[in-house]
Amino acid sequence: MAKKPVSFILNGTETGIFVEEGGNLLEALRRGAGDLSPKYGCGQGGCGACTVLIDGEPHLSCLTLAETVEGRRVETARGISNGAELHPLQETFMEGFAAQCGYCSPGMLVAAKALLDKNPRPSRNEVIDAISGNLCRCTGYEPIVDAILQAAARLQGRVA
Amino acid sequence: MTTVEFRKDLFANERQDDLNEIGKPKIRQDIEGHVTGRTAYFDDHLFEGLLHMRCVRSPHHHARIRSLNAAEAERMPGVVRVIYPRDVPNNLNTLLSLINFGRDDEPLLSHQKVAYRGEAVLAIIAETEAQARAAVDAVRVEWDELPHVLDVEDALKPGAPVVNEEYPNNCFDYEPYDHVKLRFGDVHAAFQQADHVVEATYEMSPIEHAPVETCGAIAAPETNGRYVCHTATQALFFSLGTTAKFLDMPSSRLHFIGGTVGGGFGGKVDSLTEPLAVLGAMLSGKPVKFMWDREEEMQVGAPRGAERWVIKDGVMADGRIIARSLTGYFDAGAYTRLSSYAGTKCTGHLPGPYTIPNVASNVFCVYTNRTPATAMRGFGITGVDFAIECHMDRVAEKVGMDPISLRILNSYRDGDMKAHRRSAKNCALVECCQVAAGKANWTLSAEDQAATSLTGTNANRQEIPETALDEDGRVGERKAGRVATTEPSLGTRRLPAGTHGRSHAAVAPQRPDMQILAERVGHRMDSEPQPMPEQSAAQVSAPRPPAPPRAAPPSPPPAAPPLQTQNTQPAPMAPVQSTPVPTYPPAAPPTSETEPAPKPFQKGVRRPGVSRFLSGSRRR
Amino acid sequence: MTQVQTIAHLTDAANVTGAFLGGGTLLMRDVNYAAHTIPTLIRITDPMMREVRTEGDRLWIGAGMTMASVVAHRDLEALKSAALAIGGPAVRNMATIGGNLFAPHPYGDFTVALLALDAKVHFANGRESDLETFLRGRDQNRELVTAVSIQRISGADFRFKKVTRTKPKGVSVLSIAAHLEAPGGRVTTARIAFGAMGPTPLRAKATETALRGASLDEGGITPALNAVLTDLEPADDPLASAWYRRTVAPIHLKRLLLERR
């Protein structure tokens, strides 16, 4: 089967891989680029576990044709922290028990980051809408929503 | 933030309040991996030249396979290997065979007939997932559709289609009966005395666990004839044992790696992907991934089984429930998996947390042409609790009582005799009702407020009544049309009052080092008796009237004063040797009618069809 | 195989064999689950697919506009509530208007809004069709939709409601769109469309007739609520039975019509 070269910026790093024709971005990131943080949950856009940011906006990588990210900026959960320094979202998720099995966390985190990048002081309902495409079967969402709101406050310097 | 409230005022003197961790925020040890995307689930292991497996599945609820032709699929691009049922070394299993419970009834790949929609009949390994999918679509199967049955009660009727050949009566054999019996007192006599009889039927649908990570496994050859298997299983050694049995190989050749599961909730114990992935690695000599897609997870992935409950209560005008008869049907789907255990476990829970002097239940584990059911959070208990609590509300409505008050009146008190002929201890339902009512701003009477689980038992509540026994529903009789009903029927003989159950004796450990030493696991065993409930009862109830709250005797004899010494002594279980000799045939002791004699656990696996290589299991 | 094509090229080509990829939220599902059934994916990259422009009294919206871009566009204020009802943010960043026209039951809520707004569908070869006609033959249609056009309306005249089982987002039990002109509280124009109430989004014509001339109050809309069941042909699906959909449809329509504006 013919493969196509695709180059893009993955978490700030220029990346070039070969992708299957018709192959989705999720598999391209995981098997091609070796970034295993986006997860497969459904392959049909229902769960949000594969959410990544393309040019800063959340997209479902399982429904994105891999070759369409040519030249674009892709961010995953691996790219959220600044080296060893965790992003406030990661800290508040840890402190607030906002993950149990952790499988939805990479998608949740990038969806939350996309929100906070655009809207630093979101309301609770805006947070709920921002993660409305991401399913979590363990936590019941409340700790996740709380953690995102806390991270927003921390980014604003409102709470240490 | 979500908070947990600890009601340390309740039962304060029953424990030492020296907890260092509980009630304090804690950062999970694995959560840094979760939030950085570095946690490795089974599919996060990269293998060079990974192959992909997909299954051909039944589109029918029930069908015979007339012919199966995979010739075209074998020739398709990328196809490495087609796995037929004949390629599975030991193609019949039942999950609980690892603890010697039940008979093998389920193939890994079905070769003659399928008994539920989505049952696998063939597996195909290809270089890419898309190629495997294309090849699966190219397999030609001719199906002869068979009549199917999807309803538990229909399945028990004499003319119903046989779902599972190993259990031709469409229900699990709880020898000698086709159901689990619980008998305590005489419900039919009590219904005659009751002021009201309240009967209703409750149903619960199957529930899919829907973990975000679907079930799957990656297997790859290691060296020295060993295979590594990364799996999403919730029960690593269970899956390992099951794989060893299906593949008839020593478990020492299997290197199973698990631990991080992307959501399980009970749905990842069935071990269906691991044996096929390892078999694929054996037959292809390459790493093979077998991961369900979302549609398979929902259709093929075992759910919490459906249940149906018929509950009939005899209740006095003042709210005392004097009889409860329950008929339960667990829908196992097409194969047993863990549903047989649900029936047994649930019987141990009946009649719910209430002191009822006459209880009878028949619980069936029924086969239907639905997706096989499995474990899920409290399975065997959750469904019937839903039914019982709905029924309590219905009873309260019938007698015109506050539903919480009805529960407090009938709750177990420490020292009460349960339907299983064991004393209730550490009871807390009264207190739960009080706290829940408080949280809901629900006004309780002063009497209900003053009630406590520590007091209120009396001689009548501790009595083991004379019990009506029946022989209905011996295995096979129902299908032959010789059993009229599924409900507990009138007894044909009597078991004298006061007959205790017998304890099951556990066999000695195989080796001395298998003995669990309490100190070694950090459990402190107190040699001194704990002087608690007596004092606490006195303290707590000091400002209140000394009489037990509304603990009117449920049956004719007058109330005896509470036995003050009861709580300081062990449960009034007679040792086996001193059990009064019952005046009925020796085969069936009252609380364990499904097991003719108190056989100790059998260790290891020594049955035909079971892998010779499974190691013995420890007494747990 | 994947191809990148221009509209001009497609207009010239005698026969196009392949599936047009919009946002991928529907088509990529099929690719993931059965790639062998889709030999060719065709991507159209022309910028005009993402244009919004005014022609006379009509607003042309490129078929490649995503739900998120509809939400963000100041000329499309009236359609904002319908676009926000589609999926979570990731789906809205991907899903297009053109794709929504082809979304099978129970999807296609944005098309319900377009149907109430009397939209026209424009094809690559210049042909146009009213949306209702298009939906009748939709599943056989192989043409590329380049744009839809609607009458310019005031947002005040348009109402949209999507009913789901899960909060905040779920698949439709039903959706309702209503374009109502009711100066002084009396209805002069009414176009009502339902989603998830038939194989495609559908117009509720008996309801519309019953509404014309009616006053927008409980008594006035009662004949319309009684008429609504004759307009609907719901089916059972895992989200809701046909019985349930019929039972709740008049209730939700009532709430929508009496919504305080």
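Everything numeric in this text was worked out from a predicted model, so none of it was measured. Residue indices begin from 1 for each chain and proceed along its sequence in written order. Here every chain gets a letter starting at A, and every ligand a number starting at 1, in the order they are written. Predicted model: local features are reported for residues with pLDDT of at least 70 only, side-chain atom pairs are reported and counted for 80 or more only, and whole-chain, interface and lining totals are derived from all residues.

In terms of helices and strands, chain B carries 14 helices and 17 strands. For chain B, the proportion of its 620 residues judged to be buried stands at 46%. C-beta atoms are placed from the backbone for every residue, and two residues are taken to be in contact when these atoms lie within 7 Å. Within chain B, residue pairs in contact and separated by at least 24 positions form 80% of the contacts whose partners lie at least 6 positions apart. Secondary structure elements follow DSSP: runs of H or I of four or more residues count as helices, runs of E of two or more count as strands, with numbering from the N terminus. Around each residue's C-beta, the other C-beta atoms within 10 Å are counted; 20 or more make the residue buried, 12 or fewer make it exposed, and counts in between make it partly exposed. All C-beta atoms are placed from the backbone.

Attention now goes to the overall build of chain C. The helix and strand inventory of chain C stands at 11 helices and 12 strands. We take the radius of gyration over the C-alpha atoms and set the globule estimate at 2.2 Å times the residue count to the 0.38 power. In terms of overall dimensions, chain C is globule-like: its C-alpha atoms have a radius of gyration of 18 Å, near the 18 Å expected for 261 residues. In terms of overall dimensions, chain C has C-alpha extents of about 60 × 45 × 30 Å along its principal axes. For chain C, the residues scored as buried account for 44% of the 261 residues in total. Of the contacts made within chain C by residues no fewer than 6 positions apart, 58% connect residues no fewer than 24 positions apart.

Its location among the elements puts Q234 of chain B in the loop between β10 (227-231) and α6 (236-246). Taking the C-alpha atoms as reference points, Q234 of chain B and N441 of chain B, 207 residues apart in sequence, are found 41 Å from one another.

Turning our attention to the sheet that holds strand β11 (residues 189-195) of chain C. All names here are of chain C. Being paired, for any two strands, means DSSP has found at least two bridges between them. Across the sheet, which stays open at both edges, the 4 strands sit in the order β9-β10-β11-β12 with antiparallel pairing between neighbours. If you trace the sheet from one side to the other, it starts and ends with β9 (158-164) and β12 (202-203), each paired once. Across 7 bridges, β9 lies against strand β10 (residues 172-181) in antiparallel orientation. Bridge assignment links V163 to a residue of β10, and that residue is L174. Convention adopted: a line fitted to C-alpha atoms gives each axis, helices being fitted over their contacting stretch, and angles between N-to-C directions are expressed from 0 to 180 degrees. Strands in contact with helix α7 (residues 109-116) are β9, β10, β11 and β12; relative to β10, the strand with the most contacts, it is inclined by about 20 degrees. Lying on the sheet, helix α11 (residues 242-258) is in contact with β9 and β10; it crosses β10 at an angle near 35 degrees.

Turning next to α11 of chain C. Working note: α-helix, 3.6 residues per turn, so residues spaced by three or four point in the same direction. Residues and elements named next belong to chain C. Residue count minus one, scaled by 1.5 Å, sets the expected span of a helix. A rise of 1.5 Å per residue sets the reference length of α11, with its 17 residues, at 24 Å; its end C-alpha atoms lie 25 Å apart and thus fit the reference within 8%. Taking the largest bend as the criterion, α11 deviates by roughly 30 degrees, centred on V248, and proline P250 comes between one and four positions later. Those residues of α11 that are buried are in contact with β10 and α10 (218-231). Fitting axes to the seven residues ending at a residue and to the seven starting there, one defines the bend at that residue as the angle between these axes.

So, on to the interface of chain B and chain A. With 26 residues of chain B in contact, the opposing surface of chain A contributes 36 residues. Counting residues per element, the side of chain B that touches chain A draws most heavily on helix α1 (residues 31-36) of chain B, which supplies 6 residues. For the side of chain B that touches chain A, the class distribution of residues is 10 nonpolar, 8 polar and 8 charged. Under the scheme applied here, ten amino acids are nonpolar (Ala, Val, Leu, Ile, Met, Phe, Trp, Tyr, Cys and Pro), four are charged (Asp, Glu, Lys and Arg), and all others, including Gly, are polar.

Below, the discussion takes up the interface of chain B and chain C. Taken residue by residue, the interface counts 5 residues in chain B and 4 residues in chain C. For the side of chain B that touches chain C, the class distribution of residues is 2 nonpolar, no polar and 3 charged.

Residues and elements named next belong to chain A. Taken in spatial order, the 5 strands of this open sheet run β2-β1-β5-β3-β4, and their pairing is mixed. In the strand order of this sheet, the two ends are held by β2 (13-20) and β4 (57-60), each with one partner. Ignoring which end each strand starts from, the neighbouring axes of this sheet average 45 degrees apart. Helix α3 (residues 105-118) contacts β3 (51-54), β4 and β5 (73-75) of the sheet and is inclined by roughly 35 degrees relative to β3.

With that settled, the discussion passes to the nonpolar core. Throughout this description, the term nonpolar core refers to a group of buried Ala, Val, Leu, Ile, Met, Phe, Trp, Tyr and Cys residues whose C-beta atoms join them within 7 Å. By size, the foremost hydrophobic cluster in this structure holds 258 residues, and its most contacted members are I124, A277 and V366 of chain B. Broken down by element, the residue count for this core peaks at 8 residues, all from α3 of chain A. For A277 of chain B, the contacting residues outside a window of four places in its chain are M53, A217, I218, A219, C229, V288, K289 and F290 of chain B.

Time to look at the packing of helix α11 (residues 403-410) of chain B against helix α12 (residues 429-439) of chain B. All names here are of chain B. Relative orientation of the contacting elements α11 and α12 amounts to 160 degrees, with a least axis distance of 9 Å. Classified by the interaxial angle, the pair formed by α11 and α12 is roughly antiparallel. α11 and α12 meet at a crossing whose hand is left-handed. Residues I404, R407 and I408 of α11 form the contact with α12, whose own contacting residues are L429, V430, C433 and A437. Within the contact of α11 with α12, the residues separate by chemical class into 6 nonpolar, no polar and 1 charged. Here the angle decides the label: under 35 degrees means roughly parallel, over 145 means roughly antiparallel, 65 to 115 means roughly perpendicular, and every other value means oblique. By convention the crossing between two helices is left-handed if the near helix lies anticlockwise of the far one by an angle smaller than a right angle, and right-handed if it lies clockwise.

Relative to the elements of secondary structure, E466 of chain B occurs in the loop between α13 (446-450) and β16 (467-469). Put simply, E466 of chain B and R370 of chain B are 96 residues apart on the chain and 41 Å apart in space, counted from C-alpha to C-alpha.

All names here are of chain A. Direction of pairing for strand β1 (residues 3-10) relative to β2: antiparallel, over a ladder of 8 bridges. Across the sheet, the residue bridging to V6 is I17, located in β2. Here β1 folds back onto β2, and the loop between the two strands holds 2 residues, one of which, N11, carries a positive phi near 50 degrees. As judged from the 2 bridges shared by β1 and β5, these two strands associate in the parallel manner. In the strand pairing of β5, I9 is matched with R73.

Attention now goes to the packing of helix α2 (residues 88-95) of chain A against helix α5 (residues 142-155) of chain A. Residue and element names in this part refer to chain A. One can describe the packing of α2 onto α5 by two numbers: an axis separation of 8 Å at closest approach and a directional angle of 135 degrees. For the element pair α2 / α5, the angle class is oblique. Judged by the twist between their axes, the crossing of α2 over α5 is right-handed. Where α2 abuts α5, its residues P88, L89, T92 and F93 lie against A147, I148, Q150, A151, R154 and L155. By residue class, the composition of the contact of α2 with α5 is 7 nonpolar, 2 polar and 1 charged.

Residues and elements named next belong to chain C. Predicted confidence across chain C gives a mean pLDDT of 93, with 98% of residues reaching 70 or more. Confidence per residue, as judged by the predictor, is encoded in pLDDT with a range of 0 to 100. Put simply, helix α1 (residues 7-12) is where chain C has its lowest mean pLDDT, 78, and helix α5 (residues 89-94) is where it has its highest, 98. The complex model carries a pTM of 0.88, and its ipTM stands at 0.97.

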